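# A structural walkthrough
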Amino acid sequence: MHRRAFLLLLPGVAGCAGMTLRPDALDEAVRVADLGLSFSPSGAGELSVTLDVGNPTFWDAELTGVDYELTLDGQRYAVGTRGVQGHLASDARRTLAVSFPLRCEPTPAEGRTRAWRVEVSGTVALAFGERLRLLPFRAERYLRLAHFRPLHLEPD
């Protein structure tokens with residue numbers, strides 16, 4: 001009798017290994033709350049992203065990193081990764097602010113301001129013990145950028 005009861009419980013325990021209640025829960029866990037992009041006349045720039053990160057599982061997790069891809073007017077401009085550390089309890093939300101340094105061609109101090117279609121996409125890495133899950137995010141905004149002129153790289 002005890003063996004039969006154990007076998008009946010086993011499928012319920014196995015279902016917990018999936019880590020979510022819905023198949024798309026991890027895909028909807030991160031939202032871009034704020035997106036900023038700025039450049040100086042010297043060419044130094046910064047991408048800042050504020051993410052609202054949720055843990056839709058029943059297990060506590062550790063935030064371990066963020067990667068991104070930046071596209072301007074449909075052209076990939078930069079990619080990068082930033083290590084982060086932080087605890088995210090089960091079924092909790094947390095704000096995560098990250099920034100990434102960028103470069104562009106130097107411009108005159110009185111450079112023109114122009115609107116650009118800015119897209120940022122990437123993933124937030126959550127560690128559940130030995131398991132790592134990548135939670136995707138994506139946002140698109142039109143931003144007015146002063147002092148921005150894309151870098152022109154020399155061919156190899």
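Predicted model only: the values in this text are computed from it and were never measured.

### Let's talk about the nonpolar core
Buried together is how nonpolar side chains tend to be arranged in soluble globular proteins. Core analysis: the biggest nonpolar cluster contains 37 residues, and L37, L47, L51, V53, V66, L70 and V124 have the highest contact counts within it. Taken together, the elements giving at least two residues each to this core come down to β1 (30–39), β2 (44–54), β3 (61–72), β4 (75–88), β5 (93–103), β6 (113–128) and β7 (131–146). Apart from the residues lying within four places of it in its own chain, the contact partners of V53 are A29, V30, L63, L88, A92, R93, R94, L96, V124 and L135.

### A few points about unusual backbone geometry
Unlike most non-glycine residues, D91 shows phi in positive territory, near 55°. Under the relative-accessibility criterion, D91 is labelled exposed at 65%. With a phi close to 65°, H147 is a non-glycine residue in the positive phi region. We classify H147 as buried; its relative accessible area is 15%.

### Some details on the pattern of salt bridges
Think of it this way: side chains of opposite charge can pair up when their charged atoms draw near. What the rule picks out here adds up to seven salt bridges. Linking D52 and R31 is a salt bridge whose minimum nitrogen-to-oxygen distance equals 2.6 Å. Taken together, the positions of D52 in strand β2 and R31 in strand β1 put the pair 21 residues apart, joining distant regions of the chain. Across the pair D52 and R93 runs a salt bridge whose closest N-O atoms are separated by 3.0 Å. Placement of the pair is D52 in strand β2 and R93 in strand β5, with a sequence separation of 41 residues. For R93, a relative accessible area of 41% translates into the label partly exposed.

The rules behind each value
Within each chain, residues carry numbers counting from 1 in the order of the written sequence. Only residues with pLDDT of 70 or above have their local features reported here, since the model is predicted, and side-chain atom pairs are shown and tallied only from 80 upward, although totals for entire chains, interfaces and linings are computed over all residues. Remark: hydrogens and water are excluded; side-chain values derive from all non-hydrogen atoms of the structure. Nonpolar cores were defined as sets of buried Ala, Val, Leu, Ile, Met, Phe, Trp, Tyr and Cys residues, with membership established by side-chain atoms within 4.5 Å. For each residue, the accessible area found with a 1.4 Å probe, counting protein chains only, is set against the maximum for its type, and the residue is called buried under 20%, exposed over 50%, and partly exposed in between. What counts as a helix is a DSSP run of H or I of at least four residues, what counts as a strand is a run of E of at least two, and both are numbered from the N terminus. Whether two residues touch is decided by their heavy atoms; if any such pair falls within 4.5 Å, the residues are in contact. Salt bridges, as used here, are contacts in which a Lys or Arg side-chain nitrogen is within 4 Å of a carboxyl oxygen on Asp or Glu.

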